[in-house]
Amino acid sequence: MEDELKPREKLEKYGPQSLKDEELIAIILRHGVKNYNVFDVSEQILKKYKTLSQLVDISLEEISKEKGIGKVGAINLKAALEIGKRYHLQKLRQKYQKITSPKEAYHACEDMIYLTKETVRAIFLDSKLHIITIKDISNGTVNMSIAHPRDIFKEAIMYNAVSFILIHNHPSGDPTPSMHDMDITKKIMESGEILGINMNDHIIIGKDSYFSFTLDRSEKID
């Protein structure tokens, strides 16, 4: 391969945006194996998993079993994908420092679409709806989150929050609330009224949509 067509040289000359996904993967993996070069490896990965967003969900063990990758290559690739996720989330949170709508709350926690277990998270707000902090409250199973009002309000009091937005994900991808979701929402709202710390909304995140208890409906993601 001519130097100007090699991924590293291409990146140096034209910038990272000039590289295809498989070329970026090739740089991360660095080398292939006998009779199977790194470009063959990276092309095969994308052919199998289609997109980088789908590759994010694949376990370290599964990726390491792919021909030409191995444990070290899989670790490097998972680390690079995680950096991409965190960068995306940090940029979103810089943009949405004030939460005034369910859509903004969704974007501030958009990384939850990648979680394989139900996780309960809270966005704690000051009197002007600026984000004080975003905290994971609990992690559950593939279809049941574990959260108690005391765990949420303990954090709210610690950060002197005036209000908060409760967020949790449905790994199934369907954000439709269950009876448990409706029951716990009611209990938390009632607890907030007693303590003087309002729950502004409870949002359930799916794969391409979210449900807002304030709106009482699901919204598709653009």
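Refer to the structure presented above.
Position numbers for residues start from 1 in each chain and track the written sequence from start to end. The predicted origin of the model limits local features to residues at a pLDDT of at least 70 and limits the giving and counting of side-chain atom pairs to 80 or more, whereas totals for whole chains, interfaces and linings rest on all residues. Hydrogen atoms and water are omitted, and side-chain values are computed over all heavy atoms in the structure.

### Digging into a nonpolar patch on the surface
- Together, Ile157, Ile194 and Leu195 make up an exposed nonpolar region whose accessible area comes to about 340 Å².
- Burial classes follow relative accessibility: with a 1.4 Å probe on protein chains only, a residue under 20% of its type's maximum area counts as buried, one over 50% as exposed, and anything between as partly exposed. According to the relative accessible area criterion, Ile194 is exposed, its value standing at 73%. Note that patches include only residues with greater than 30% relative accessible area and no salt bridge, and the join distances are 9 Å for like charges and 5 Å for nonpolar side chains (Val, Leu, Ile, Met, Phe, Trp, Tyr). Residue exposure ignores everything except the shown protein chains as possible cover, and the areas themselves are Shrake-Rupley values with a 1.4 Å probe. Salt bridges, as used here, are contacts in which a Lys or Arg side-chain nitrogen is within 4 Å of a carboxyl oxygen on Asp or Glu.

### Let's talk about the environment of Met189
- Helix numbering and strand numbering both begin at the N terminus, where a helix is a DSSP run of H or I of at least 4 residues and a strand a DSSP run of E of at least 2. Tracing the backbone shows Met189 in helix H9 (residues 179–195).
- Residue Met189 is classed as partly exposed on the basis of its relative accessible area of 40%.
- C-alpha of Met189 to C-alpha of His31: the two residues are 158 residues apart in sequence and 55 Å apart in space.

### Structural notes on the packing of helix H2 (residues 21–29) against helix H3 (residues 38–49)
- It is the contact of H2 with H3, at a shortest axis distance of 8 Å, that shows an interaxial angle of 125 degrees. Here H2 is positioned oblique relative to H3, judged by the angle of their axes. As H2 runs across H3, the sense of the crossing is right-handed. Of the residues in H3, those touching H2 at Asp21, Glu22, Ile25, Ala26 and Leu29 are Val38, Phe39, Val41, Ser42, Glu43, Ile45 and Leu46.
- Tallied by class, the residues present in the contact of H2 with H3 amount to eight nonpolar, one polar and three charged. Throughout, an axis means a line fitted to C-alpha atoms (over the contacting stretch in the case of helices), and angles, computed between N-to-C directions, take values from 0 to 180 degrees. Reported orientations rely on four angle classes, namely roughly parallel under 35 degrees, roughly antiparallel over 145, roughly perpendicular from 65 to 115, and oblique for the rest. Note: crossing handedness is left-handed where the near helix turns anticlockwise from the far helix by less than a right angle, and right-handed where it turns clockwise. Any two residues whose heavy atoms approach within 4.5 Å at even a single point are treated as in contact. Only Asp, Glu, Lys and Arg are considered charged in this grouping, and only Ala, Val, Leu, Ile, Met, Phe, Trp, Tyr, Cys and Pro are considered nonpolar; every other residue, Gly among them, is considered polar.

### Things to note about the packing of aromatic side chains
- Two rings from Phe, Tyr or Trp (for Trp, the six-membered ring) form a pair when their centres sit within 6.5 Å of each other. Planes less than 30 degrees apart are called stacked, planes more than 60 degrees apart edge-to-face, and all others tilted. Taken as a whole and assessed by the stated rule, the structure comprises five aromatic pairs.
- Where Phe124 meets Tyr159, the ring centres are 6.2 Å apart and the plane angle is 25 degrees; that geometry is what we call stacked. Here Phe124 is found in strand E1 (residues 119–125), whereas its partner Tyr159 is found in the loop between helix H8 (149–158) and strand E3 (163–169), with 35 residues between them in sequence.
- On the basis of relative accessibility, which here comes to 28%, the residue Tyr159 falls in the partly exposed class.
- Between the aromatic rings of Phe211 and Phe213, the centroid separation amounts to 5.1 Å while the plane-to-plane angle is 80 degrees, which identifies the pairing as edge-to-face.
- The exposure class assigned to Phe211 is buried, which follows from its relative accessible area of 8%.
- The class for Phe213 is partly exposed, based on a relative accessible area of 22%.
- Feature note: the residues Phe124, Phe153, Tyr159 and Phe164 constitute an aromatic cluster, connected by ring pairs.

### What to know about the sheet that holds strand E5 (residues 209–212)
- Sheet architecture is open: six strands sit in the order E2-E1-E3-E4-E5-E6, paired in mixed fashion. Pairing within the sheet leaves two strands with one partner each, and these edge strands are strand E2 (131–139) and strand E6 (217–220). When strand polarity is set aside, the average angle formed by the axes of neighbouring strands in this sheet is 25 degrees.
- Note that E5 and E6 share four bridges and pair antiparallel. The partner of Ser212 across the bridge, within E6, is Arg217.
- In the packing of H8 onto the sheet, contacts are made with E1, E2 and E3, and the angle to E2 comes to roughly 155 degrees. Paired strands are those between which DSSP finds at least two bridges.

### Focus: H3
- When the terminal C-alpha atoms of H3 are compared, their 17 Å separation across twelve residues agrees well with the 16 Å that a helix rising 1.5 Å per residue should span.
- Residues of H3 that are buried: Val38, Val41, Ser42, Ile45, Leu46 and Tyr49. Taken around the axis of H3, the buried residues stretch over an arc of 125 degrees, which confines them to a single face.
- Residues of H3 that are buried sit in contact with H2, helix H4 (52–56) and helix H5 (60–64).
- By the criterion applied in these results, polar contacts are pairs of N or O atoms within 3.5 Å in which, for protein atoms, one can donate a hydrogen and the other can accept it, and in which residues neighboring in sequence qualify only through two side-chain atoms. Capping of H3 at its N-terminal end is provided by Asn37; its side-chain oxygen lies 2.9 Å from the backbone amide nitrogen of Phe39.
- Downstream of H3 by a residue or two, Lys50 has a phi angle that is positive, lying close to 75 degrees. Expected span, for any helix, means 1.5 Å times one less than how many residues it has. Working note: the arc is built from the helix axis to C-beta atom directions.

Treat this as a map of the structure, not an account of what it does.
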